[in-house]
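If you want the building blocks of each chain, they are given just below.
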Amino acid sequence: MNIELVRILDYYLGIPLCLFGTFLLGILDICRPKPPAKRPENVLFVELSEMGSVILADPAMAKIRKELHANLFFVIFRKNSESLQLLNTVPRENVFVMADASIFQVAADLYRFLRWTRSKRIDTVIDLELFSRFTALLSGFSGAVNRVGFHAFHNEGLYRGNFLTHKVAYNPHLHIAKSFIALVNALLTDHQEIPYSKTVISDSELSIRQVAISTEAREMMLTKVAAASPRYSARDDRLVIFNCNASDLIPLRRWPQEHYVSLARQILTDYPGIVILLTGSRSERADKDAIIAAVGDDRCINFAGETRLEELPALYSLSEFMLTNDSGPAHFAAVTAMPTYILFGPETPKIYAPLGHMTPIYSGLACSPCVAATNHRKSVCTDNVCLQVITPEHVFALLRPALEQH
């Protein structure tokens, strides 16, 4: 579905539905016996729309599995479901994939979801979404005894009803991975708190697992690269990745295309052994062709659509580094040792930086960050000066040490 339509539906339908749902759930709670407190055994994580958040949530999922030995479940939109396969923290049979192409498909899957949670005996829901009314409704009517999520308390706006048993105060100054762990800590606390979670979360808790990459996977990826670039030599050349796009959710996150062109020319001129791969989805190939035409060098290769998501770790393991807009691949790279340089503008690395070997590039304008959970990640800005002022020369200077390595 179109992201703007999703925002409209979440606001104009979400608010009255959350109000009605809160009233209905309250009536049901009065009419039926209150279920006894139960140690979590089957824990469902809810994160529908952000692929990168799946990786950022992995330390939280690992913690609850370690502390409670619980079975983990996940619900996610179909277009983002492949991101769960990178680390396989949640077994595939425990993943509910929700259609997202139209409101009618979502409505049909909603009924199927409510039956699924009961068939899986879900006793605990952890809503990772910050202020989505739809996920609040999913959590509220999941049948779970324990329902954990972010609550606005006295903050203005963003009403999500009153479905939660463990209301966590969202801290906009905390890295989002720590906020996810705060949700788990609320569940692990042996006494009630208002608000949850009164805990200290150390940086050591943000470790991310590295995936094992087989020799076969690497060889298959080398074959793909060679097919896309006949002049590439695995013995003589080194790969650099440019991930030039960002999701349609926040187009403001895109560094100007002409900056990528200028930087690519500089790198290819100064370093004859470098081959640049432009990655992305198959629908982005035309955009990448325009960059390649402007660069005018056969060592700049259109690699968009040539890999499945689960193949990305193999590509990353063969590459010197990746320069990327703030988007999913920046987080996918965290499961490998490849250095990543991420261009931030509308959002801040203080909250959304990947957990791997990364270097944020951020101008820090007075108006930035302008995209946050509290505005549904929608900004009035149509001119992302915060990224435009990051010059190719500045980025080249940051990349030079990595380019000099042999």
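Note that this is a predicted model, so its numbers are computed, not measured.

J.: Pulling in residues and values, what's your account of unusual backbone geometry?
T.: Cis rather than trans, the peptide bond between I194 and P195 has omega equal to -10°. Note that P195 resides in the loop between α7 (176–188) and α8 (215–228). Each neighbour pair has its own omega, and for S368 with P369 the value is 5°, a cis peptide bond. Secondary-structure assignment places P369 in the loop between β12 (358–362) and α14 (385–388). Residue H69 is not a glycine yet carries a positive backbone phi of 55°. Tracing the chain through its elements places H69 in the loop between α4 (58–68) and β2 (71–77). A positive phi angle is found at N88, which is not glycine, with a value near 55°. According to the relative accessible area criterion, N88 is partly exposed, its value standing at 45%.

J.: Mind laying out the pairing of strand β5 (residues 146–151), listing which residues take part and the relevant values?
T.: Along any regular strand the residues' side chains alternate between the sheet's two faces. For β5, the buried fraction is high: six of the six residues fall into the buried class. For strand β4 (residues 124–127) and β5, the ladder comprises three bridges, and the chain directions are parallel. Bridged to V125 within β5 is R147. Between the parallel pair β4 and β5, the chain is carried across by helix α6 (residues 133–140), and the sense of this crossover is right-handed.

J.: I'd like a description of the packing of aromatic side chains, backed by residues and values.
T.: Applying the stated criterion to the full structure yields 11 aromatic pairs. An angle of 80° between the planes, with centres 5.6 Å apart, marks the rings of F150 and Y170 as edge-to-face. Here Y170 lies in the loop between β6 (166–169) and α7 and F150 lies in strand β5, a separation of 20 residues in the sequence. With relative accessibility at 13%, the residue Y170 sits in the buried group. Where F242 meets Y260, the ring centres are 5.6 Å apart and the plane angle is 55°; that geometry is what we call tilted.

J.: An account of the packing of α4 against α7 is needed here, citing residue identities and associated values.
T.: Relative to each other, α4 and α7 sit at 20°, their axes nearing to 8 Å. Classed by the angle they form, the pair α4 and α7 counts as roughly parallel. Between α4 and α7 the crossing geometry is right-handed. Of the residues in α7, those in contact with P59, A60, K63, I64, E67 and L68 of α4 are F180, I181, V184, N185, L187 and L188. Here the residues of the contact of α4 with α7 sort into nine nonpolar, one polar and two charged.

J.: Please provide a residue-by-residue account of the pattern of salt bridges, values included.
T.: The tally for this structure, following the rule as stated, stands at 19 salt bridges. Of the charged contacts, one joins R133 and D10 as a salt bridge, the two residues approaching to 3.4 Å between their closest N and O atoms. In this pair, R133 sits in helix α6 while D10 sits in helix α1 (residues 3–12), placing the two residues 123 residues apart along the sequence. The exposure class of R133 is buried, given its relative accessible area of 3%. The closest approach of N and O atoms between R285 and E306, which form a salt bridge, is 3.3 Å.

J.: How would you summarise the packing of helix α9 (residues 257–270) against helix α15 (residues 392–404) if you had to cite specific residues and measurements?
T.: Two numbers describe how α9 lies on α15: the axes approach to 10 Å, and their chain directions differ by 40°. The handedness of the crossing between α9 and α15 is right-handed. Judged by residue contacts, H259, S262, L263, Q266, I267 and D270 of α9 engage P392, V395, F396, L399, R400 and L403 from α15.

J.: I'd like a rundown of the nonpolar core, residues and numbers included.
T.: Core analysis: the biggest nonpolar cluster contains 71 residues, and F45, I64, F74, I126 and Y170 have the highest contact counts within it. In terms of residues, this core owes the most to one element, α7, which gives nine residues. Ignoring anything within four residues of it in the chain, the contact list for F45 reads A60, M61, I64, L72, F73, F74, V75, I126 and L128. Counting 31 residues, the second largest nonpolar core, distinct from the first, contains F242, I292, C386 and L387.

J.: Explain the environment of L17 residue by residue, including any values.
T.: Position of L17 among the secondary structure elements: in helix α2 (residues 14–31). Taking relative accessible area as the criterion, L17 reaches 42% and is therefore assigned partly exposed. Each C-alpha atom, one on L17 and one on P354, is 34 Å from the other, the two residues being 337 residues apart in sequence.

J.: Lay out the sheet that holds strand β7 (residues 238–243) with the relevant residues and their values.
T.: Through backbone hydrogen bonds, the strands of a sheet pair up, either in parallel or in antiparallel fashion. With parallel pairing, six strands are arranged side by side in an open sheet as β9-β8-β7-β10-β11-β12. Where the open sheet ends on each side, the last strands, each with one partner, are β9 (300–302) and β12. Pairwise comparison of adjacent strand axes, ignoring direction, gives a mean angle of 20° for this sheet. The sheet contact formed by β7 and strand β10 (residues 319–325) spans five bridges and is parallel. Among the inter-strand pairings, N243 is bridged to a residue of β10, identified as T324. Where helix α10 (residues 285–295) meets the sheet, its contacts fall on β8 (274–279) and β9, and the angle it forms with β9 comes to roughly 165°.

J.: Summarise the pairing of β2; cite the residues concerned and give the values.
T.: Burial runs high along β2: six of the seven residues are buried. With five bridges connecting them, strand β1 (residues 42–46) and β2 associate as parallel partners. Residue V46 lies in a different strand from β2, and its bridge partner there is V75. Where β2 and strand β3 (residues 95–98) come together, four bridges link them in parallel fashion. The residue bridging F77 from the neighbouring strand is M98, located in β3.

Conventions used here
- Residues numbered from 1 in each chain as written.
- Predicted model: local features only at pLDDT ≥ 70, side-chain atom pairs only at ≥ 80, totals over all residues.
- Heavy atoms only, no water.
- Helix = DSSP H or I, 4+ residues; strand = E, 2+ residues; numbered from the N terminus.
- Buried < 20%, exposed > 50% of the residue type's maximum accessible area, 1.4 Å probe, protein only.
- Pairing = 2+ DSSP bridges.
- Right-handed = clockwise from strand over helix to strand, strands pointing away.
- Phe/Tyr/Trp six-rings, centres within 6.5 Å; stacked < 30°, edge-to-face > 60°.
- Axes fitted to C-alpha atoms, helices over the stretch in contact; angles between N-to-C directions.
- Parallel < 35°, antiparallel > 145°, perpendicular 65-115°, else oblique.
- Left-handed = near helix turned anticlockwise from the far one by under 90°.
- Contact = heavy atoms within 4.5 Å.
- Nonpolar A, V, L, I, M, F, W, Y, C, P; charged D, E, K, R; others polar.
- Salt bridge = Lys/Arg side-chain N within 4 Å of Asp/Glu carboxyl O.
- Core = buried A, V, L, I, M, F, W, Y, C linked by side-chain atoms within 4.5 Å.

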